[in-house]
Amino acid sequence: MTRGRTVLFAFVCAVAVATLYAAQPVLAEVGGDLGVPDAGLGWIVTAGQLGYLVGLAFLVPLGDLTDRRRLIAVHLVLAGAGATLAAVAGRPWLLLAGLALAGLFAVVVQTTVAYAAALSTPEARGRTLGTVTSGVVAGILGGRVLAGGLAAVWGWRSVYGTLAVLLLVLAYLVMRLLPPDPRTDRTTYRQVLTSLGRLFRERLFVSRGLIAFFLFASFGTLWSGLALPLGSAPWHLNTAQIGLFGIAGLAGALGAARAGRSCCSPPRGRPRVRPRGRCGWSAPGWSCSTSPCRRCT
């Protein structure tokens, strides 16, 4: 697979996943504009995540049945429609509906990663997936930086307007630059959904799923509510300053690409990367983030 296609896959993942997290640095501004109390701001983040959960269960399996190039393009367009609805929402329920719709079709990330793997040679697959996964991490954390900056200049609605435009442009590029993916398998949608249940009998699947569950729960717990304390006393940071905290996490994007290369072709004399040691690296970070500073006490 060419370098250009790899970069396109990474950008698709970055922009799609950013629709789930762009609200986090602008929660206070959204709440003030739409009259949502602090206790209800969590639903702004949750709406997209719930849509994403539904998409994982019912939309991702379509990648086994249909042309993935067309599927990616359609999902990008529909995610763009959700972002557009969020950008023009005048009521909280309209915002939640738009975010849920965008989150539902943000599962295009999973289809994109699988398609990138299918187009790669076995020798380059780890390297390709490392680059594409870097796009996911960059979208999660870099999206916060861009959202904070856009909101500080043009307001929070500009964040979703920009995402909508980017999603539509990427849908066009996907149809123009990626090869078609004809499918000859006659498996039905019901059979695919039924086969998902059998995966839970696989020990490797369950163990890796649990690792991902707890790591991402740790990640989400920290970042989802970070904007509220940073925007209040004693910090009083604006949206641009809050968004800049995402830069600290962008190191993970570089780590993802490096991990992919290590899994694909580790340096001579060194074993392939194992997840156990890296899981423990998050513990010191939590220790630092939960320790009170002198200014706050």
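Residues numbered from 1 in each chain as written. Predicted model: local features only at pLDDT ≥ 70, side-chain atom pairs only at ≥ 80, totals over all residues. Heavy atoms only, no water.

### As for the confidence of the model for the protein
Alright, step 1. For the protein, per-residue confidence averages 83 on the pLDDT scale, and residues scoring 70 or more make up 81% of the total.
Alright, step 2. The least confident element of the protein is helix 16 (residues 282–289), whose mean pLDDT is 50; the most confident is helix 4 (residues 68–88), at 98. (pLDDT = per-residue confidence, 0-100. Helix = DSSP H or I, 4+ residues; strand = E, 2+ residues; numbered from the N terminus.)

### Details of the pattern of salt bridges
Where charged atoms of side chains with opposite charge meet at close range, the side chains can pair.
Alright, step 1. The final tally for this structure, using the stated rule, is 4 salt bridges.
Alright, step 2. Note that R157 and D33 form a salt bridge whose closest N and O atoms lie 3.3 Å from each other. In this pair, R157 is assigned in helix 8 (residues 157–177) and D33 in helix 2 (residues 27–34), connecting sequence segments 124 residues apart.
Alright, step 3. Looking at R157, the relative accessible area reads 28%, which means it is partly exposed.
Alright, step 4. Take D33: its relative accessible area is 42%, and that puts it in the partly exposed class.
Alright, step 5. Counted as one network, the salt bridges with shared partners bring together R68, D181 and R183. (Salt bridge = Lys/Arg side-chain N within 4 Å of Asp/Glu carboxyl O. Buried < 20%, exposed > 50% of the residue type's maximum accessible area, 1.4 Å probe, protein only.)

### So, helix 6 (residues 108–119)
Alright, step 1. When the terminal C-alpha atoms of helix 6 are compared, their 16 Å separation across 12 residues agrees well with the 16 Å that a helix rising 1.5 Å per residue should span.
Alright, step 2. Of the residues making up helix 6, those classed as buried are V108, V109, T111, T112, Y115, A116 and A117.
Alright, step 3. Turning to helix 6, the residues buried within the fold contact helix 1 (3–21), helix 3 (42–58), helix 4, helix 5 (92–105) and helix 7 (125–154). (Expected span 1.5 Å × (residues − 1). Contact = heavy atoms within 4.5 Å.)

### What about the packing of helix 4 against helix 8?
Alright, step 1. Interhelical geometry of helix 4 versus helix 8 gives an angle of 165° and a closest axis separation of 8 Å. Comparing their axes, helix 8 and helix 4 come out roughly antiparallel. The two elements helix 4 and helix 8 meet at a crossing, and its hand is left-handed.
Alright, step 2. Residues that form the contact of helix 4 with helix 8 fall into these classes: 18 nonpolar, 3 polar and 3 charged. (Axes fitted to C-alpha atoms, helices over the stretch in contact; angles between N-to-C directions. Parallel < 35°, antiparallel > 145°, perpendicular 65-115°, else oblique. Left-handed = near helix turned anticlockwise from the far one by under 90°. Nonpolar A, V, L, I, M, F, W, Y, C, P; charged D, E, K, R; others polar.)

### Let's talk about the side chain of H75
Alright, step 1. Within the element layout of this structure, H75 appears in helix 4.
Alright, step 2. Judged by relative accessible area, which is 3%, H75 ranks as buried.
Alright, step 3. H75 has contacts with L59, F105 and V108, leaving out every residue within four places of it along the chain.

### Focus on the packing of aromatic side chains
Alright, step 1. Summed over the entire model, instances satisfying the criterion amount to 4 aromatic pairs.
Alright, step 2. Both rings, one in W156 and one in Y160, keep their centres 6.4 Å apart while their planes meet at 75°; by these two values the pair is edge-to-face. The same class applies to W156 and to Y160, which are both buried. (Phe/Tyr/Trp six-rings, centres within 6.5 Å; stacked < 30°, edge-to-face > 60°.)

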